[in-house]
Amino acid sequence: MGGLAGELGQILIQGLRQRRSAKVRGVVQGVGFRPFVYNLARALGLTGWVVNNAAGVELSVQGTAAALDEFFARLQGEAPPLTRIESVETAMADQQPGETEFIIRASTGGTRHTLISPDVCVCEACLAEMRDPTDRRFGYPFINCTHCGPRYTIIRDLPYDRPNTTMAGFEMCPQCRAEYEDPTDRRFHAQPIACPVCGPRLWLADASGAEIDCADPVARAAEALRQGKIVAIKGLGGFHLAADALNRQAVERLRRRKGREAKPFAVMVSDIRAALRFGYMDDAEEAALASRERPIVLCEAEKDGGLAPAVHPGSNTVGLMLPYTPLHYLLMDQGFEALVMTSGNLSDEPICIDNDEAAARIGVNGPLGPVCDVMLLHDRPIHLRADDSVARVAGGALRLVRRSRGYAPSPLFLAPALAPEGCPPVMAVGAHLKNTLCLLRGREAFLSQHVGDLDDVETLRFFGQTVDHLSMILDCSPRIIAADLHPDYLSTRWAQDRGLPLTLVQHHHAHAAAVMAEHGLEGPVLALGLDGVGLGEDGTSWGGELLLARLDSYERLGRLRPFSLPGGDHAVRQPWRTGLSLLIETLGPEKTAQLNLPLVHQYADKLPLVAGMIQRNINAPRTSSLGRLFDGVSAICGVCYEAHYEGQAAIEFEQAMGGKPSTEHIFFTEECDGLVELDWRPMVASLLAEAILNAGLAETAGSMHKGLVAALAQWAIQAAEKAGVEDVVLGGGCLNNRYILTELPPLLEARRLRVYTPAAIPAGDGGLSLGQAVVAAARWRLGKIDGMDT
């Protein structure tokens, strides 16, 4: 009898009507979440409402307990594809007896805690409409819906509604308005909704920005490309400079005009089939290429694919990407398999985003004359720059080399131990090169898009704009600032001028902390900082470091044997200086002068000056940088004497390797100044012996890499055993070396060490701000930040 009564009671409870409210946080605005909630509630016979506010989405639903249970179960499992739900907080609520329908309420303001969707590629449904001659948006280059299109680059403020975007100036026509207001339509509350009647307009202009009268701007731009001309294209987060990637003269002309001597260009390909013509790609690389983020994917170039040699001179790697905007597809549909798509700027400047700015900087009014011949322009304003993201597959994982469009500003959610409760907002300002910013708000670490190298006024202005924009859209004014230890970094100078509590973080500690943050590690961990140059606590340049790291602090256990950089920063751009330095410090100046080596012959007249600078310690700072060691070895082997972009010497030396190396050059370890030093001199001596025996470059490069990885592994294993730790993190720009990233972890794991490497964040300086932010939070928790109370 009790069992039957219990069943009847349960049926009665399930049949009773209830009301439940919920607050949903995450990426839930501008992604079709409200119409999904609306249609789900109606399908289950529920009444109530849903609303956007600056905290996310709030809803209240009323119906039977069974229907409400199903509603909340399906809310997360069936949400639209761009939705990213961080949390759902539910509570019982008072019933509304007279309520008869479910409605979508007008958005409200309040404290901003919602997350912003990144810009994503156009969806298949919109592409199909754009290519359908019977559709009213046929051929329209700004087609979008709630599942695709611009987001972050057009947002001026929250809530994410049209008046708070750069679409505010385009009044919807009746047909667009009907779609926008219909909860059953794919474009319900799609803020960038547009059509040829009411939306942005595309036109062709000459290099001065004057409009060219033509019926089909895309077809005329395609004709110009086929003639070998350079076309500036206003896209999603800025301008691209486009050229026919199969046209040798066009690509060479683009290099000359842009002032980009050697760094490879990115190539947009029409589809996966075309990508496989120009590059070797595995399944993971294909998946990354076709993902909705649409990064540039670095892969091995097909030697006979047909790309112009100037696309990637001196490199066997090519960066490929698929179209991601409707305009890209319209252009590629004109019969192109591959177009160079490089950022619309002169080298070392930030990407152009404004029509007048483009005419002034890359058009006929540019400082070096016109970079482009014609411009494909539109009148939808870009509020915030966003360069293309860059990714590669290495060590079995997709790794971001540059995290920007498609990824920013999605946050990384930190483990609770890494985000102390009550910690004030932290703004970490990153490095001088490859700058990004990180705003830490509770457990959410918001990394900005790629800002760039802080070498000019325009980039500094963009840096400041990005700080302000992140703070504004997240309603999160920083109360602590974290910066690099280097006093000459412009990001550090900016931080020092804010008048807020400031904590300075050593460069390689920040690299280690970034990897710890990505993987939820508190420490202590053994950290290998394998990098270019970062200022050390002792005032010298570090870059090959063995650290025992915690989030708040570290102990330096080892270093690469220091060597001199004759000319300081000039040595970075002229690796021949570092090559001579390594030879002099291995053999002495007299024996170096006697070497039958192309490097010595070519710079024989510079040798006495370099030797004197080293001996007298004049403008020849000491460094333990692994990146600079690679530069010097590259020069010794005759690979690269002059670098035209950062990392060129090391990249080309890595690519000089042949198959799997059979021998390895030796590194020694020894105690020096209380540190375990990794001595590179035996390796240099081996290189010279092979040069005398005329060993091939591929063999020499392979032997150096294999010996280095073996030495790094042994170095770390011994230190881990002595320190009693089992977790090892690898960080720094040298982790972009595929061989190191692939071969080093297994050697450490074979000794039962747990190895963690960067993937969701860049290994180099683009991920530094995340590390700075979590270090600052850890120091705040321990009361280590002057002017702040825990």
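Cut-offs and rules
- Along each chain, residue indices are assigned from 1 in the same order as the chain's sequence is written.
- With pLDDT at 70 or above as the cut-off, local features in this predicted model cover only qualifying residues; side-chain atom pairs require 80 or more to be listed or tallied, and sums for whole chains, interfaces and linings still use all residues.
- Here the side-chain values reflect all heavy atoms present in the structure, with hydrogen atoms and water set aside.
- As used here, the term nonpolar core means buried Ala, Val, Leu, Ile, Met, Phe, Trp, Tyr and Cys residues forming a set that is joined through side-chain atoms within 4.5 Å.
- Here's how the labels work: a residue is buried when its accessible area is under 20% of the maximum for its type, exposed when over 50%, partly exposed in between, all with a 1.4 Å probe on protein chains only.
- The numbering of helices and of strands both runs from the N terminus, where a helix is a DSSP run of H or I of at least 4 residues and a strand a run of E of at least 2.
- Contacts are residue-level and defined by heavy atoms, with any inter-residue pair within 4.5 Å sufficient.
- N or O atoms within 3.5 Å of each other form a polar contact, as long as, within protein, one can give a hydrogen and the other can take it, and as long as residues adjacent in sequence are counted only when both atoms are side-chain atoms.
- Axis geometry follows a simple rule: fit a line to the C-alpha atoms, using only the stretch in contact for helices, then measure angles between N-to-C directions, giving values from 0 to 180 degrees.
- Here roughly perpendicular refers to angles of 65 to 115 degrees, roughly parallel to angles under 35, roughly antiparallel to angles over 145, and oblique to all remaining angles.
- The classification used treats Ala, Val, Leu, Ile, Met, Phe, Trp, Tyr, Cys and Pro as nonpolar, Asp, Glu, Lys and Arg as charged, and all other residues, Gly among them, as polar.
- Here a strand pair is declared whenever DSSP counts at least two bridges between the two strands.
- Definition used for salt bridges: Asp or Glu carboxyl oxygen within 4 Å of a side-chain nitrogen of Lys or Arg.

Among the nonpolar cores identified, the biggest contains 95 residues, and F33, V37, L59, F71, L331 and V429 are the most heavily contacted of them. With six residues, the single largest contributor to this core is helix 2 (residues 33-43). Beyond its immediate sequence surroundings of up to four residues, V37 is in contact with V50, L59, F71, L75 and F102. One finds L548, L708, A720 and Y739 within the second-largest nonpolar core, a separate group that totals 68 residues.

So, on to the side chain of S60. Within the secondary structure layout, S60 lies in strand 3 (residues 56-64). We classify S60 as buried; its relative accessible area is 4%. Of note is the side chain of S60, whose polar atom sits 2.8 Å from the side chain of R19. Non-local contacts of S60, meaning those with residues more than four positions away in its chain, are made with R19, R20, S21, T47, G48, W49 and F102.

Here the amide bond leading from A408 into P409 is cis, since omega sits at 10 degrees, within 30 degrees of zero. Its place among the elements puts P409 in the loop between strand 17 (397-402) and strand 18 (412-413). With omega at 5 degrees, the peptide bond leading from G523 into P524 counts as cis. One can find P524 in the loop between helix 14 (507-519) and strand 24 (525-535).

Relative to the assigned elements, P35 resides in helix 2. According to the relative accessible area criterion, P35 is buried, its value standing at 9%. Spatially, the C-alpha atoms of P35 and T146 are 9.7 Å apart, while their sequence positions differ by 111 residues. Discounting chain neighbours no more than four positions away, the residues touching P35 are I104, P183 and F188.

Between helix 14 and helix 25 (residues 768-781), the least distance of the axes is 7 Å, while the angle of their chain directions is 90 degrees. As summarised for this structure, helix 14 and helix 25 are arranged roughly perpendicular, according to the angle between their axes. Contacts between helix 14 and helix 25 pair H507, H509, A510, H511, A513, A514 and A517 from the former with L768, L770, G771, Q772, V774, V775 and R779 from the latter. In terms of residue class, the contact of helix 14 with helix 25 is made up of eight nonpolar, five polar and one charged.

With that settled, the discussion passes to the pairing of strand 12 (residues 296-301). As paired elements, strand 11 (residues 279-280) and strand 12 share two bridges and run antiparallel to each other. Residue pairing across strands places Y280 opposite E300, the latter belonging to strand 12. Of the pairings in the sheet, the one linking strand 12 to strand 13 (residues 317-321) comprises four bridges and is antiparallel in character. Its bridge partner lying in strand 13, V297 is registered against L320.

We now examine the pattern of salt bridges. If you walk through the whole model with that rule in mind, you get 35 salt bridges. A salt bridge links R20 to D69; its shortest N-O distance comes to 2.9 Å. Residue R20 is located in strand 1 (residues 17-27), and its partner D69 is located in helix 3 (residues 65-77); the two are separated by 49 residues in the primary sequence. You can call R20 buried: its relative accessible area is 14%. E677 is paired through a salt bridge with R559; the nearest N and O atoms lie 2.7 Å apart. Here the residue E677 occupies a position in strand 30 (residues 675-679), and R559 occupies one in strand 26 (residues 554-560), the gap between them amounting to 118 residues. Take R559: its relative accessible area is 10%, and that puts it in the buried class. Residues joined in a network through salt bridges with shared partners are E70, R74 and E78.

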